[in-house]
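One letter stands for each residue in the lines below.
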Amino acid sequence: MSIAERNEPDSLRIENDRLRAELERYRERDRGEQSYRALFETMDEGFCIIEFVDTPRGALTDYVHLEANGAFSKHCGLPDAAGRTARDMIGDEAEAWIATYRQVIDTGEPIHFELELTSMGKHLQVSAWPNGPADGLQVAILFKDLTERRRAETALAELNATLEEQIEERSAALRLYRDIVQSDGSPVFAFDMDMRITAFNKAHEDAYFRVYGVRQQIGDILPDQVVPEQGVLLREHMARALAGESFVIRDAFGRPDLEMPVWQIAFNPLRDENGRIIGGFHHALDITAEVHGREELERTQDALRQSQKMEAIGQLTGGVAHDFNNLLTVIRGSVDLLRREGLPVEKRQRYLDAIGSTAERAAKLTGQLLAFARRQTLEPEAIEVRDRLEAISDMLDSITGARVRVRYDVPAETCTIFADVSQFETALVNLAVNARDAMNGEGTITIRLRCDAPMPTIRNHGPGMGRFVAIALTDTGTGIDPGDLERIFEPFFTTKGVGKGTGLGLSQVFGFAKQSGGDIDVQSIVGEGSTFTLYLPQANALGRERKPAVQSQAMGGEGRCVLVVEDNMDVGRFATQLLDDLGYRSTWVTSAEEALDQLGDDGDGFDIVFSDVVMPGMGGIELARRLARDMPALPVILASGYSHVLATEGTEGMELLKKPYSASQLSGALQRQLER
């Protein structure tokens, strides 16, 4: 065998090893290219490469689009740009663009500017830089859509751009994709199926160093490098992306001793050209300023709401003080006059009548305030609305006056509601009085009744559930100014002159409607009139009948013993004195617990219990329940000026005296309970 023959296997083996190494190098390059290609195709930024050409107009007076991604067409509105010249695509408008990009060729320096495309409603950031050799004629252009930055995660999901067929040299494409990713000012990084970092841009490297203090390296496993609790979250998010899920998270990441910005991060799976998942990537936006701005706005809004609340409380307090001081002036003046010696009987009676009527007006005032606050004690029952309208028609004619005509539009069928009849009639009277005043005492009021009606959206509250009865009062008055519509139901708000209205009528209607499970709506046209529509839940026509009114005359107590339970000293002394004057014997205790001690096991020695509702410790309602269970034969009367429990749960069939009560009212309640 010759020397050449002996050396031939060695040379073939060397050449074979070289070819294997070269093949492996290209395979490695292909794997990296796949990552950069996939990242490039998910970018929301438009990108194109142009090359200047000579035309009959002169040297370098037009340019050809060599390459353009899908985002370029989306942002600029220029489809199918590859292979076409600027003048061919946009005509005379091309002159300005040719001059702009010629600067890059002439100076060799990149340019950056912002552009507003009014016709497309977009605001773009444009970057252009030389592409290829220093003396070349190519320019790379990047369009970044500033109007859609907050939806960057959805734009990154667009994998429509396909540049593979347009790029013959994989190495050139790799550099191109790398340049695009690096040009993005937001952090972007890709990872493989083992969560090892395969690529990232400079923005990610800088941001990571800023918030964690270390430089990122290819091959690092990000969740293992960050704060442990943040690493757990990152591992979960990356696993979701590797499982094929695209999603967005908002959270703070970084070291507490350095910086912890709030990030909006879009996670996506990374797929090869066949759609197979080969890893994942994320795109991050620093939204710290936005979050802090929103928090500051919420603090400002909270301060404004608090200010408005205090203003409303001040208005309410001032109105209550004004009206009660007027009432107290009458009472105090009458008391002072009653103290005069030798006062004639008729004057004494006049002052006593003034005190009594003023006390009734004070009780009505508190009742209107409780109605607005939905804290009044209601006694709902089945009411046939047509019958009630007929029953109060004469009263409505009387209060509206001779120059106001009241018309009725009611259906033939039965309309039944379940409400407090007294408060219902008061609401209708208040609406009629309001309509009369809006017409200066002359005009027409039309009352329309609709059964089985839906309740619409009122004051941004959703429509009511179920069916309602609608009672609408329409006047031909001056209407309501739009600026006052939101305030007309506030207590003490009135557009009437001084002394012509308390500002409590509509607040009573509002509170009654809301507490009854309904609402009130208003429609008004200035100069034409207003319509107030009261919506109340429709009831079964076979519901509970109206309770007959029981009139009990004041009678003597005949020495029967009353246990008075009242924690207020003044009221307790007054109640026992009143009972003594009515002929009862009374024992007074200041708490429910003392009352149970006095009554013992069977209540022997007492004929009836008269208890306040609101007291420290056990309240009057709980006391009444205990006595109904343990001493069912012992009657109980409750007295209250206001009780949240009574307002929300009702009287449960118990006898209730509303403060302030008169001697005849107390006597009548005692007689009813003792005679049952």
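See the structure above.
What you see is a predicted model, and the numbers here were worked out from it, not measured in a lab.

Conventions adopted
- Residues numbered from 1 in each chain as written.
- Predicted model: local features only at pLDDT ≥ 70, side-chain atom pairs only at ≥ 80, totals over all residues.
- Heavy atoms only, no water.
- Pairing = 2+ DSSP bridges.
- Helix = DSSP H or I, 4+ residues; strand = E, 2+ residues; numbered from the N terminus.
- Axes fitted to C-alpha atoms, helices over the stretch in contact; angles between N-to-C directions.
- Contact = heavy atoms within 4.5 Å.
- Disulfide = S-S within 2.5 Å.
- Buried < 20%, exposed > 50% of the residue type's maximum accessible area, 1.4 Å probe, protein only.
- Arc of directions from axis to C-beta.
- Core = buried A, V, L, I, M, F, W, Y, C linked by side-chain atoms within 4.5 Å.
- Phe/Tyr/Trp six-rings, centres within 6.5 Å; stacked < 30°, edge-to-face > 60°.
- Lys NZ or Arg CZ within 6 Å of the ring centre and 35° of its normal.

### Let's talk about the sheet that holds strand β22 (residues 655–658)
Strand-to-strand pairing in sheets goes through backbone hydrogen bonds, with the strands running parallel or antiparallel. Strands sit in the order β19-β18-β20-β21-β22 across an open sheet of five strands; the sheet is parallel. In this open sheet, the two edge strands, each paired with only one partner strand, are β19 (585–589) and β22. The average angle at which neighbouring strand axes cross in this sheet is 20 degrees, direction not considered. Two elements, strand β21 (residues 636–640) and β22, share four bridges in a ladder whose sense is parallel. Along β22, the bridge assignment pairs Ala639 with Leu657. Contacting β18 (561–565), β19 and β20 (608–612), helix α16 (residues 592–599) crosses the sheet at an angle of about 155 degrees to β18. Strand contacts of helix α19 (residues 663–674): β20, β21 and β22, with the helix running at about 175 degrees to β22, the strand carrying the most contacts.

### Description of the state of the cysteines
Counting across every chain of the model gives one disulfide. Each sulfur of the disulfide joining Cys415 and Cys451 lies 1.2 Å from the other. The chirality of the disulfide connecting Cys415 with Cys451 is left-handed, given an S-S dihedral of about -60 degrees. Residue Cys415 is located in the loop between β12 (404–409) and β13 (416–419), and its partner Cys451 is located in strand β14 (residues 443–453); the two are separated by 36 residues in the primary sequence. Accessibility assignment for this pair places Cys415 and Cys451 in one class, buried. For Cys48, which is in no disulfide, the shortest distance to another cysteine sulfur is to Cys76 and amounts to 7.2 Å.

### Regarding the sheet that holds strand β9 (residues 262–271)
What the five strands build is an open sheet, ordered β7-β6-β10-β9-β8; its pairing is antiparallel. For this open sheet the edge positions go to β7 (197–200) and β8 (247–252), each flanked by a neighbour on one side alone. Strand after strand, the sheet turns through a mean of 25 degrees between neighbouring axes, direction not considered. Pairing of β8 with β9 involves six bridges; the strand directions are antiparallel. Residue pairing in the sheet places Val248 in a bridge with Ala266 of β9.

### Topic: helix α7 (residues 202–212)
Along α7, the positions that sit buried rather than exposed are Ala203, His204, Ala207, Tyr208, Val211 and Tyr212. Each buried residue of α7 lies within a common arc of 125 degrees when the element is viewed along its axis, so the set occupies one face. Where α7 terminates, the next one or two residues include Gly213, which has phi positive at roughly 80 degrees.

### A short note on the nonpolar core
Grouped together as the largest cluster of nonpolar side chains are 39 residues, with contacts concentrated most on Val385, Phe424, Ile471 and Phe532. With sequence-adjacent residues up to four places away left out, Phe424 is seen in contact with Val385, Arg388, Ile417, Ile471, Phe512, Leu534 and Leu536.

### Topic: the packing of aromatic side chains
Within this structure, the stated rule accounts for nine aromatic pairs. Ring geometry for Phe47 and Trp129: centres 6.4 Å apart, planes at 35 degrees, overall tilted. Here Trp129 lies in strand β4 (residues 122–131) and Phe47 lies in strand β1 (residues 46–55), a separation of 82 residues in the sequence. Arranged with centres 6.4 Å apart and planes meeting at 40 degrees, the rings of Trp97 and Phe113 form a pair that is tilted. Taken together, the residues Trp97 in helix α4 (residues 94–107) and Phe113 in strand β3 (residues 111–117) connect sequence positions 16 residues apart. The side chain of Arg215 reaches across the aromatic face of Phe209, ending 4.1 Å from its centre.

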